[in-house]
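Listed below, chain by chain, are the residues.
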Amino acid sequence: MYNEKVIEHFKNPKNVGEIEDADGVGEVGNPVCGDMMTFYIKVEDDKLIDIKYKTFGCVAAIAVSSMISEMAIGKTIDEVLEISNKMVAEALGGLPPNKYHCSNLGADALKAAIEDYKKKREGKL
Amino acid sequence: MERIYFDHAATTPVRKEVLEAMIPYFSDKFGNASSLYYEGVDASEAVEEARNSVVKLIGADESEIYFTSSGTESDNMAIKGVALALRDKGKHIIVSSIEHHAVLNAALSLRKLGYEITILPVDGKGFVNPDDVKKNIKNDTILVSIMLANNEIGTIEPIEEVSKITKERGVYLHTDAVQAVGNYPVNVDSLGCDLLSLSAHKFYGPKGVGAIYIRKGTRIMPLMDGGGHEKGKRSGTYNTPGIVGLGKASVLAISELESRINQTTKLRDKIIDGIISEIPYIILNGDREKRLPGNANFSIKYIEGESLILSLDAEGFAVSTGSACSSHSLKISHVLNAIGLDPVDAQGSLRVTVGLDNTEEEVDKFLEILPKVVLKLRRMSPLYKE
């Protein structure tokens, strides 16, 4: 069902955790449906210098979270906003068809964290 | 890696004795059991011997057992066959909300054809209340179908009490006993059912063969018309090796039933007690006592079932879940929904079903690994706070 790359990210997910003094936090999904992700970001000079997340969900949801965290760390906000859910799935070598919609939420979660960061910054300015 | 199989409710390994009994009927004794000459008679005798063994296993009469291809076929035959045969008498059928999909979806198909289907609720442990059956029977009710034992949470339903009601009201009672037969005492007369479904592969027989018990005088329309096999009730060339396998599995079940129940109950209790003492924030699904000997089912809070199953798979364990992500429909199990479980807790369900090939050492190993796997997933979960 899942390819080796997905299973590898699932078994050894990268960047799991929380950032206590995060600059932005984004939460998407709903545990009732089976998947929920909370992403934490640390931003410096417009770059995402750290990303952590916590994910409740299936193998795909965990692998997607791990993959996008690797794809986005060190990139500028504009670059990260270019990353789509589809690109994450492709980077994982594909997901089972029924997992594209419910579990492939990494890019949405990261965008929500960036939105949160922007709002907070506007509040400070 | 050493594999440990804890999913006997999904299927069981074919016992060596069963396989040995089957082998001659593939190639050496390949005759069509309906043929009149030697090869046919040889096959036919094997089929009848198998029938006799199934008869003894569930306390039926030889004229009351019909071979089918599966538990699903037996369930469909009971529901649709009775519905069609009695369509002039009435069109109301009662089923429980935790039936296997073979019963539930057969009933829902009939609903599309104009039958009225009542789906009875169950309580928090999965029990049907016989009074609900009584209250819902109407003049045009033709069939009640309540499973003997639930495949997910293991709950044993009060069929004896339900049958008193259906008998009194002159309504047929079907029970899906697919999970129970061979693993739990089943006798059609003490149950009082008119129809009963069973499947070989749930008790160490082969896949692709089942049987239906149809009490003498029960009206049923065949779903398979053809050459008139099984007294015209189920046509189709006899699956002789499969039927022989079912027969042998029945013979073994008759002689081993008590020791099977003792052995699996002991392992199951060890799993249940072990999980309860080792893992916080869990719910035991189903009843502590009135459950299938081999069945343990838990909701493990804050984690999702598919992740849990594949994490355990990587550690060598085969277990199952009722989570949405793991199902084809992407919906949580209708059984966990029916017992009123919080949908988030239902996502973290874990079913462990033990069988004759399992050992205490395997259970020990499971109880050592499971808490670690659960903790790893919980630490990754936004719902879990340490």
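Below you will find a few notes about this structure. Predicted, not measured: the structure shown is a model, and the values here were computed from it.

Procedures and definitions
- Residues numbered from 1 in each chain as written.
- Chains lettered and ligands numbered in written order.
- Predicted model: local features only at pLDDT ≥ 70, side-chain atom pairs only at ≥ 80, totals over all residues.
- Helix = DSSP H or I, 4+ residues; strand = E, 2+ residues; numbered from the N terminus.
- Rg over C-alpha atoms; globule rule 2.2 N^0.38 Å.
- Buried ≥ 20, exposed ≤ 12 C-beta atoms within 10 Å, placed from the backbone.
- Contact = placed C-beta atoms within 7 Å.
- Axes fitted to C-alpha atoms, helices over the stretch in contact; angles between N-to-C directions.
- Parallel < 35°, antiparallel > 145°, perpendicular 65-115°, else oblique.
- Left-handed = near helix turned anticlockwise from the far one by under 90°.
- Nonpolar A, V, L, I, M, F, W, Y, C, P; charged D, E, K, R; others polar.
- Pairing = 2+ DSSP bridges.
- Right-handed = clockwise from strand over helix to strand, strands pointing away.

Here the focus is the overall build of chain B. In terms of helices and strands, chain B carries twelve helices and twelve strands. On C-alpha atoms alone, chain B measures out to a radius of gyration of 21 Å, which is about the 21 Å that the 2.2 N^0.38 rule sets for 386 residues. Each of the 386 residues in chain B was classed as buried or not, and the buried ones make up 52%. Across chain B, the fraction of contacts at a sequence separation of at least 24, relative to all contacts at a separation of at least 6, is 72%.

Next up on the list: the packing of helix α8 (residues 240-278) of chain B against helix α12 (residues 360-379) of chain B. Residues and elements named next belong to chain B. The geometry of α8 relative to α12 is characterised by a closest axis approach of 10 Å and an angle of 20 degrees between their N-to-C directions. The pairing of α8 with α12 is recorded here as roughly parallel in orientation. For the pair α8 and α12, the crossing hand works out as right-handed. Two secondary-structure elements touch here, α8 through Leu267, Lys270, Ile271, Gly274, Ile275 and Glu278 and α12 through Glu360, Val363, Leu367, Leu370 and Pro371. In terms of residue class, the contact of α8 with α12 is made up of seven nonpolar, one polar and three charged.

It is worth spelling out the pairing of strand β3 (residues 92-96) of chain B at this point. Every regular strand shows the same layout, with side chains that alternate between the two sheet faces. Residue and element names in this part refer to chain B. With five of its five residues buried, β3 lies for the most part within the structure. Burial of β3 is two-sided: the residues His92, Ile94 and Ser96 facing one way and the residues Ile93 and Val95 facing the other way are all buried. Pairing analysis gives five bridges linking β3 to strand β4 (residues 116-120), with the strands arranged parallel. When the bridges of β4 are listed, Ile93 appears paired with Ile117. The handedness of the β3 to β4 crossover, carried by helix α4 (residues 101-112), is right-handed. Sheet topology places β3 next to strand β5 (residues 141-145); four bridges connect them, and they run parallel. Considered in β5, the bridge of His92 is made with Thr141.

We now examine the interface of chain A and chain B. Residue-level contacts link 19 residues of chain A with 18 residues of chain B. Counting residues per element, the ones that place at least two in the side of chain A that touches chain B are α1 (4-11), β2 (35-44), β3 (47-56) and α2 (59-72) of chain A. Considering every element that reaches the side of chain A that touches chain B, the biggest residue donor is β3 of chain A, with three residues.

Time to look at the sheet that holds strand β10 (residues 295-300) of chain B. Residues and elements named next belong to chain B. Read across the sheet, three strands follow the order β9-β10-β12 without closing on themselves; strand pairing throughout is antiparallel. Single-partner strands in this sheet number two, and they are β9 (282-284) and β12 (349-353). Recorded for the sheet is a direction-independent mean angle of 25 degrees between the axes of neighbouring strands. Across three bridges, β9 lies against β10 in antiparallel orientation.

Let's shift gears to the pairing of strand β2 (residues 65-68) of chain B. Residue and element names in this part refer to chain B. Neither face of β2 is open: one carries Ile65 and Phe67, the other Tyr66 and Thr68, and all of them are buried. Bridging between β2 and strand β8 (residues 210-214) involves four bridges; their strand directions are antiparallel. Within β8, the residue paired with Phe67 across the bridge is Ala211.

All names here are of chain B. Read from one edge to the other, the open sheet built from seven strands follows the order β2-β8-β7-β6-β5-β3-β4, with strand pairing classed as mixed. Since the sheet does not close on itself, it has two edges, and those belong to β2 and β4, each with one partner. Taking each pair of neighbouring strands and ignoring which way they run, the sheet shows an average axis angle of 20 degrees. With respect to the sheet, helix α2 (residues 38-58) is in contact with β2, β7 (195-199) and β8, its orientation differing from that of β2 by roughly 115 degrees.

What follows is about unusual backbone geometry. All names here are of chain B. Phi is positive for Glu230, close to 50 degrees, though the residue is something other than glycine. Along the chain, Glu230 falls in the loop between β8 and α8. We note that Tyr281 has phi near 60 degrees; this positive angle belongs to a residue other than glycine. As for its position among the elements, Tyr281 is in the loop between α8 and β9. For Tyr281, a count of 14 C-beta atoms within 10 Å gives the class partly exposed.

Residues and elements named next belong to chain B. Take Gly245: it is sitting in helix α8. C-alpha of Gly245 to C-alpha of Glu73: the two residues are 172 residues apart in sequence and 18 Å apart in space. Discounting residues that sit within four places of it in the chain, Gly245 has contacts with Val14, Val18, Ala21, Met22, Ala200, Gly205, Pro206 and Val209.

Before going further, it helps to spend a moment on the packing of α2 of chain A against helix α6 (residues 106-124) of chain A. Residue and element names in this part refer to chain A. Following both chains from N to C, one finds α2 and α6 inclined at 55 degrees, their axes separated by 9 Å at the closest point. The angle between α2 and α6 falls in the class oblique. The interaxial crossing formed by α2 with α6 has right-handed handedness. When α2 is examined against α6, the residues Val64, Ser65, Met67, Ile68 and Ala72 are found in contact with a partner set consisting of Gly106, Ala107 and Leu110. Classifying every residue of the contact of α2 with α6 gives six nonpolar, two polar and no charged.

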